[in-house]
Amino acid sequence: MATVTFDHATRIYPGTERPAVDALNLEVADGEFLVLVGPSGCGKSTSLRMLAGLEDVNSGRILIGDRDVTDVQPKDRDIAMVFQNYALYPHMSVADNMGFALKIAGKPKKEIRERVEEAAKILDLSEYLDRKPKALSGGQRQRVAMGRAIVRQPQVFLMDEPLSNLDAKLRVQTRTQIASLQRRLGVTTVYVTHDQTEALTMGDRICVMKLGVLQQVGTPRDMYDRPANVFVAGFIGSPAMNLGTFSIKDGHATLGDAAIPLTRTTQEAVTEADKGEITLGFRPEALDVVSEGTDGSFAIDVNLVEELGSDAFVYGELANRKEAEALGSGEDDSQVIVRVDPRTPPMKGDRIHVVIREGQKHVFSAASGERLPE
Ligand SMILES: Nc1ncnc2c1ncn2[C@@H]1O[C@H](COP(=O)(O)OP(=O)(O)O)[C@@H](O)[C@H]1O
Ligand SMILES: [Mg+2]
């Protein structure tokens, strides 16, 4: 087992100007499950491919354990990779698919058989070893792809959106299986996904990227409770956090009918570049529905109510909005989202009044988007 270190690792594709991955600094602990997450094109696959040796590193270094592998051939890095398109060889049995890399490496037949059987047991595939891939379900095929990686007993697993080809239900089951399997095997794993729910549920830590630049690394809880900037705030969490930029007047952020008090620390952190504005964030569950006129409340006009059984979410607009005020969410920048009691949800067209729960707002610089102290 081993640690993984990205040290200012940069990839600039030929013919492009902006780095696809820009001076990535990241340390993955021995045995850790680290998830790289971000929207499509943010540089997740490129980062993983640099670690695998499939993509040149233009500047910076990559280490596995203490070993600088920046210029080491992929086959000599002691890693195993699972891709989204984990094409299995259709003419080979499950056992042969799983053992193929070992066969190429010239391992003795007996050892291959033993390692394949052991992996099959872990993956619940023992009874399918003689089948061909076409006689397996999607989930089973996915497990064979995992098995191919496991039998190699690598120092590091690399996984690039390995669940994307599965339907929604199977994706949820398989993500639990992969996460618990990784913990059992204790092999350092770097896992790529664009799906923030997958990241939150699977990772020991999550690394959020945007346009090739690392935004924040932390535990799922850190990312949810203390997003470092507006981008992470809007990206992590479902339904997404509400975010809006408002004028500061007399130490308060004005929000529709309401004036939300800002602490002295926050006010002092606002700079001239912010031009008298501040960005506030609050999650759908950080709002309480209250009666009209309650101190600090603001009004929301209900456009849509989404009932999910255990929860109900109101999608609406800030009422009595002043000019230049805009409030939306990481999902849709014109709609506020409020979690309400599913037994007594409001109706489309209603006006509700809400307050932000004590201690549950996030404040960011209007100019830089960086989190401000409270
Ligand atoms: N072979 C390539 N040549 C040029 N640009 C590429 C190549 N592969 C990826 N890119 C660009 O690099 C950026 C990051 O891509 P990628 O790492 O695949 O993102 P992600 O996996 O997060 O969706 C994107 O802008 C993408 O268009
Ligand atoms: Mg990708």
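Every value quoted in this text rests on a predicted model; they were computed, and no experiment measured them.

Close contacts around ligand 1 come from Tyr13, Ala20, Pro39, Ser40, Gly41, Cys42, Gly43, Lys44, Ser45 and Thr46, and that covers them all. Contact between ligand 1 and Gly43: an oxygen atom at 3.0 Å from a main-chain N or O atom of the residue. Residue Ser45 places a side-chain N or O atom 2.9 Å away from an oxygen atom belonging to ligand 1.

This part is about the domain arrangement of the chain. Split by domain assignment, the chain resolves into domain 1 (4-234) and domain 2 (240-365). Put simply, the middle of domain 1 and the middle of domain 2, counted by C-alpha atoms, are 38 Å apart. Between domain 1 and domain 2, the residue contacts involve 9 residues of the former and 9 residues of the latter. In total, about 670 Å² of surface goes out of reach between domain 1 and domain 2, with carbon and sulfur atoms giving 61% of it. If you sort the residues of domain 1 by the area they bury against domain 2, Tyr224, Val230 and Ala233 come out on top, with a joint share of 63%. At the surface where domain 1 touches domain 2, the tally comes to 2 residue pairs in polar contact (both at pLDDT 80 or more). Sorting the residues of the side of domain 1 that touches domain 2 by element identifies helix 7 (220-225) and helix 8 (230-235) as the ones contributing at least two each. Split by residue class, the side of domain 1 that touches domain 2 holds 6 nonpolar, 2 polar and 1 charged.

Take the nonpolar core next. With 43 residues, the main nonpolar core has Met98 and Val208 as its most contacted residues. Per-element tally for this core: the top contributor is helix 4 (residues 138-150), with 5 residues. Grouped together as the second largest cluster of nonpolar side chains are 28 residues, Leu34, Leu36, Met50 and Val192 included.

The next subject is the layout of surface pockets. Taken as a whole, the largest pocket spans an internal volume of roughly 750 Å³. If you go around the largest pocket, you meet 28 residues; those closest to its centre are Ile79, Ala80, Met81, Ala101 and Arg152. Tallying contributions element by element places helix 2 (residues 94-104) first for the lining of the largest pocket, with 6 residues. Per-class residue counts for the lining of the largest pocket are 19 nonpolar, 2 polar and 7 charged.

A separate point is the environment of Gly330. Mapping Gly330 onto the fold places it in the loop between strand 18 (326-329) and strand 19 (336-340). We classify Gly330 as partly exposed; its relative accessible area is 42%. Remark: the alpha-carbon pair of Gly330 and Pro239, spanning 91 residues in sequence, is separated by 8.4 Å. Leave out the neighbours within four places in its chain, and Gly330 touches Gly234, Ala240 and Met241.

With that out of the way, let us pick up the sheet that holds strand 4 (residues 59-64). Backbone-to-backbone hydrogen bonds pair the strands of a sheet. The strands run either parallel or antiparallel. The 4 strands are arranged 2-1-4-5 in an open sheet whose pairing can be described as antiparallel. Each edge of the sheet is formed by a strand with only one pairing partner; in this case those strands are strand 2 (21-28) and strand 5 (67-68). In terms of strand pairing, strand 1 (residues 4-11) meets strand 2 through 5 bridges, oriented antiparallel. Bridge pairing in strand 2 places Ala9 opposite Leu24. Here helix 1 (residues 44-52) sits on the sheet in contact with strand 1, strand 2 and strand 4, set at roughly 115° to strand 1.

At a minimum axis distance of 9 Å, the contact between helix 2 and helix 3 (residues 109-122) shows a crossing angle of 130°. Viewed along their axes, helix 2 and helix 3 adopt a mutual orientation that is oblique. The two elements helix 2 and helix 3 cross, and the hand of that crossing is right-handed. Here Ala95, Met98, Gly99, Leu102 and Lys103 of helix 2 come into contact with helix 3, specifically with Ile112, Arg113, Arg115, Val116, Ala119 and Ala120. Its residues assigned to classes, the contact of helix 2 with helix 3 shows 7 nonpolar, 1 polar and 3 charged.

What counts, and at which threshold
Along every chain, residues carry numbers that run from 1 in the direction the sequence is written. Both sets of labels track the order of writing: A upward for chains, 1 upward for ligands. Local features are withheld for residues below a pLDDT of 70 in this predicted model, meaning they are given only at 70 or higher, and side-chain atom pairs are given and counted only at 80 or more; totals for whole chains, interfaces and linings count all residues. In computing side-chain values, all of the structure's heavy atoms are included and hydrogens and water are not. Throughout this document, a residue counts as near a molecule or strand when at least one of its heavy atoms sits within 4 Å of that molecule or strand. Polar contact criterion, stated in full: a pair of N or O atoms within 3.5 Å, where within protein one must be able to donate a hydrogen and the other to accept it, and residues adjacent in sequence count only if both atoms are side-chain atoms. For every domain, the bounds stem from an assignment made automatically or drawn from a database. In what follows, a contact means two residues having at least one pair of non-hydrogen atoms within 4.5 Å. As used here, buried area is the combined drop in accessible area, with a 1.4 Å probe, of two parts when they are placed together. Helix and strand labels come from DSSP, where a helix needs a run of H or I of at least four residues and a strand needs a run of E of at least two; each type is numbered from the N terminus. When residue character is reported, Ala, Val, Leu, Ile, Met, Phe, Trp, Tyr, Cys and Pro are called nonpolar, Asp, Glu, Lys and Arg charged, and the others, Gly included, polar. Only buried residues count toward a nonpolar core. Its members are Ala, Val, Leu, Ile, Met, Phe, Trp, Tyr and Cys residues joined through side-chain atoms within 4.5 Å. Each residue is assigned to one of three classes by its accessible area relative to the maximum for its type, calculated with a 1.4 Å probe on protein chains only: buried under 20%, partly exposed between the two thresholds, exposed over 50%. Buriedness of a pocket was judged along seven lines, with at least five required to meet protein on both sides within 12 Å; pockets are open sets of points on a 1 Å grid over the protein atoms alone, cavities are sets where a 1.4 Å probe fits but cannot get out, and lining residues have an atom within 4 Å of a point. Grid points are joined across faces, edges and corners, and a volume is the space filled by probe spheres set on the points. Two strands pair under a simple rule: DSSP has to find at least two bridges between them. Simply put, an axis is a line fit to the C-alpha atoms, just over the touching stretch for a helix, and the angle between two N-to-C directions goes from 0 to 180 degrees. Roughly parallel means an angle under 35 degrees; roughly antiparallel means over 145; roughly perpendicular covers 65 to 115; every other angle is labelled oblique. Helix crossings are classified by the rotation of the near helix relative to the far one: an anticlockwise turn of less than a right angle makes the crossing left-handed, while a clockwise turn makes it right-handed.

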